[in-house]
Amino acid sequence: MNSKSSKANSGVVAKKSSAKARAASSKAVVPRSSHVIAQRKGVGEQVILAPKGYTMRPVVPAKNYDVVSFARAMNDDFAPRVQKLFHPETEAALIASKTGVYIGWRCPEFKHDCQRVSDMSKCFCGHLLGEHSSYTGKSVRVPCREAGCGCKAFAWIPSRPEDIGEFWFQRRRNFDSSTWRAKCRCKHTHQQHDPVHLRCKGCPCSRFESNFLCAACDRHWEDHETFFETEAIRKQNGLPYGEAYLPFAEMPDLRNACLTGDELDDSTYQALTHGLGPIPDNKPTDNNTPVKPPRGFNPIYD
């Protein structure tokens, strides 16, 4: 074999080897072939390789993730679930709008409440707000009046796993929500901590630090405070009041779902704002003043 044929054969082998190497290292989804053409989608966009006769569309992430639409699609009973989830806050908002005493749990610098609070809300000490001393819209510290409790100021604490976004607990077999308690990083519950100094009674933990985040702002429990306010104070501080204090007040469909369990039913909202027994304009400033309904309002009790 002469030198020319030897070089030619070695060149062919080298080309085949390099071709195999390119094929092995290629990560292209579309295989290379003589029929592959380049398709350009708009000026300045990335060139997409596709077989001749095929149309390829790039997968582009959504600019805005619509979690509400996703939840609707995944749950046939979406509206009733929303109503159940936000029932405590809806009740708190309605009571606050009628009495003029707004109780909110939020970070001090916020212009919105992370949680609306009522007499059925739980305190860090383990007792309900209704089991604490009477309060007004100007209260700062509302102590507990239960015997043996050293709590000197009501501080809202989550009483349901849903309050901190941990919905999977409800799916556990034999789960009892009444036994659930919010926990510290030391793994002990809030009721195992001193209600005044927040020290743990079961370990060297010097202060309660939540092992969970707020479902509304993703910050820790200890970053929040419980505020008692009048409507005038909220107006002055730029905080929502009246009908604007309702859950999802700015989103009519979800607001209706919270009030009635039906996104399209705004009858309760209309009754609150325009019908019989609307949210009054002149509201008392404490929870001891009886609310007088307007004329023609005849409540029916079951």
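Residues numbered from 1 in each chain as written. Predicted model: local features only at pLDDT ≥ 70, side-chain atom pairs only at ≥ 80, totals over all residues. Heavy atoms only, no water.

## Some remarks on the pairing of strand S5 (residues 225-230)
Counted residue by residue, S5 has five buried out of six residues, so it is predominantly covered. Looking at chain direction, strand S3 (residues 101-106) and S5 are connected through six bridges and run antiparallel. Across the sheet, the residue bridging to Arg 106 is Glu 225, located in S5. (Buried < 20%, exposed > 50% of the residue type's maximum accessible area, 1.4 Å probe, protein only. Helix = DSSP H or I, 4+ residues; strand = E, 2+ residues; numbered from the N terminus. Pairing = 2+ DSSP bridges.)

## Points about the packing of aromatic side chains
Following the criterion strictly, the structure yields nine aromatic pairs and no others. Taken together, a centroid distance of 5.4 Å and an interplanar angle of 55 degrees make the contact between Tyr 135 and Phe 228 tilted. One end of the pair, Tyr 135, is in the loop between strand S4 (115-116) and S5; the other, Phe 228, is in strand S5, with 93 residues separating them in the sequence. Each member of the pair Tyr 135 and Phe 228 is classed as buried. Grouping aromatic residues by their ring pairs yields a cluster made of Phe 124, Phe 208 and Trp 221. We note Arg 116 situated over the ring of Tyr 245; from NZ or CZ to the ring centre the distance is 5.3 Å. Lying over the aromatic face of Tyr 269, Arg 255 brings its terminal NZ or CZ to 3.6 Å of the ring centre. (Phe/Tyr/Trp six-rings, centres within 6.5 Å; stacked < 30°, edge-to-face > 60°. Lys NZ or Arg CZ within 6 Å of the ring centre and 35° of its normal.)

## With respect to the nonpolar core
Counting 33 residues, the largest nonpolar core has Phe 154 and Trp 221 as its most contacted members. Sorting elements by how many residues they give to this core places S3 first, with three residues. Non-local contacts of Trp 221, meaning those with residues more than four positions away in its chain, are made with Trp 105, Phe 124, Ala 155, Trp 156, Ile 157, Pro 158, Leu 198, Phe 208, Ser 210 and Phe 212. (Core = buried A, V, L, I, M, F, W, Y, C linked by side-chain atoms within 4.5 Å. Contact = heavy atoms within 4.5 Å.)

## What to know about the environment of Pro 240
Here Pro 240 is to be found in the loop between helix H4 (231-237) and helix H5 (252-260). The spacing of Pro 240 and Lys 111 is 129 residues in sequence and 8.1 Å in space, taken between C-alpha atoms. Setting aside residues no more than four positions away along its own chain, Pro 240 makes contact with Lys 111, Arg 234 and Tyr 245.

## Quick notes on the pairing of S3
Taken across its six residues, S3 has six buried, putting it largely inside the fold. What you see with S3 is no split at all: Val 101, Ile 103 and Trp 105 on one side and Tyr 102, Gly 104 and Arg 106 on the other are buried throughout. Bridge count for S3 against S4 is two bridges, and the pairing is antiparallel. Paired with Gly 104 across the bridge in S4 is Arg 116.

## Here's the deal with the pattern of salt bridges
Tallied over the full model, the rule gives twelve salt bridges. Of the charged contacts in the structure, one is a salt bridge between Asp 113 and Arg 106, with a shortest N-O distance of 2.7 Å. Pair check on accessibility: Asp 113 and Arg 106 agree, each one buried. Two residues, Glu 229 and Arg 234, come together in a salt bridge whose shortest N-O distance is 2.8 Å. On the basis of relative accessibility, which here comes to 4%, the residue Glu 229 falls in the buried class. Because the salt bridges share partners, they merge into one network encompassing Arg 106, Asp 113, Glu 229 and Arg 234. (Salt bridge = Lys/Arg side-chain N within 4 Å of Asp/Glu carboxyl O.)

## Side note on the layout of surface pockets
Of the pockets and cavities examined, the largest pocket occupies roughly 860 Å³. As for the largest pocket, its lining consists of 19 residues, and the residues nearest its centre are Phe 78, Arg 81, Val 82, Leu 85 and Phe 167. Examining the composition of the lining of the largest pocket, we find that six residues originate from one element, helix H3 (residues 78-99), more than from any other. Taken together, the residues of the lining of the largest pocket sort by class into twelve nonpolar, two polar and five charged. (1 Å grid on protein atoms, 1.4 Å probe; cavity = no way out; pocket = protein on both sides within 12 Å on 5 of 7 lines; lining within 4 Å. Points joined across faces, edges and corners; volume = space filled by probe spheres on them. Nonpolar A, V, L, I, M, F, W, Y, C, P; charged D, E, K, R; others polar.)

## Notes on the side chain of Ser 121
Its location among the elements puts Ser 121 in the loop between S4 and S5. Among the polar contacts listed, one links the side chain of Ser 121 to the backbone nitrogen of Ser 118, at a separation of 3.0 Å. (Polar contact = N/O pair within 3.5 Å; in protein donor to acceptor, adjacent residues only side chain to side chain.)

## Digging into the state of the cysteines
Per the counting criterion, the structure on display carries zero disulfides. Between Cys 184, a free cysteine, and Cys 186, which holds the nearest cysteine sulfur, the sulfur-to-sulfur gap is 3.7 Å. (Disulfide = S-S within 2.5 Å.)

## What about the confidence of the model for the protein?
Mean pLDDT for the protein: 82, with 70% of residues reaching 70 or above. The low-confidence segment residues 36-43, where pLDDT is below 50, has 23 contacts with residues more than four positions distant or belonging to other chains. Below a pLDDT of 50 lies the segment residues 294-302, which in the model reaches six contacts outside its immediate sequence neighbourhood of four places, other chains included. (pLDDT = per-residue confidence, 0-100.)

## Concerning the sheet that holds S5
Strand order in the open sheet formed by three strands is S4-S3-S5, and the pairing between neighbours is antiparallel. A single partner strand is all that each edge strand has here, and the edge strands are S4 and S5.

## Looking at unusual backbone geometry
Unlike most non-glycine residues, Lys 187 shows phi in positive territory, near 80 degrees. Its relative accessible area of 68% is what places Lys 187 among the exposed residues. Unusually for a residue other than glycine, Asp 218 sits at a positive phi of about 65 degrees.

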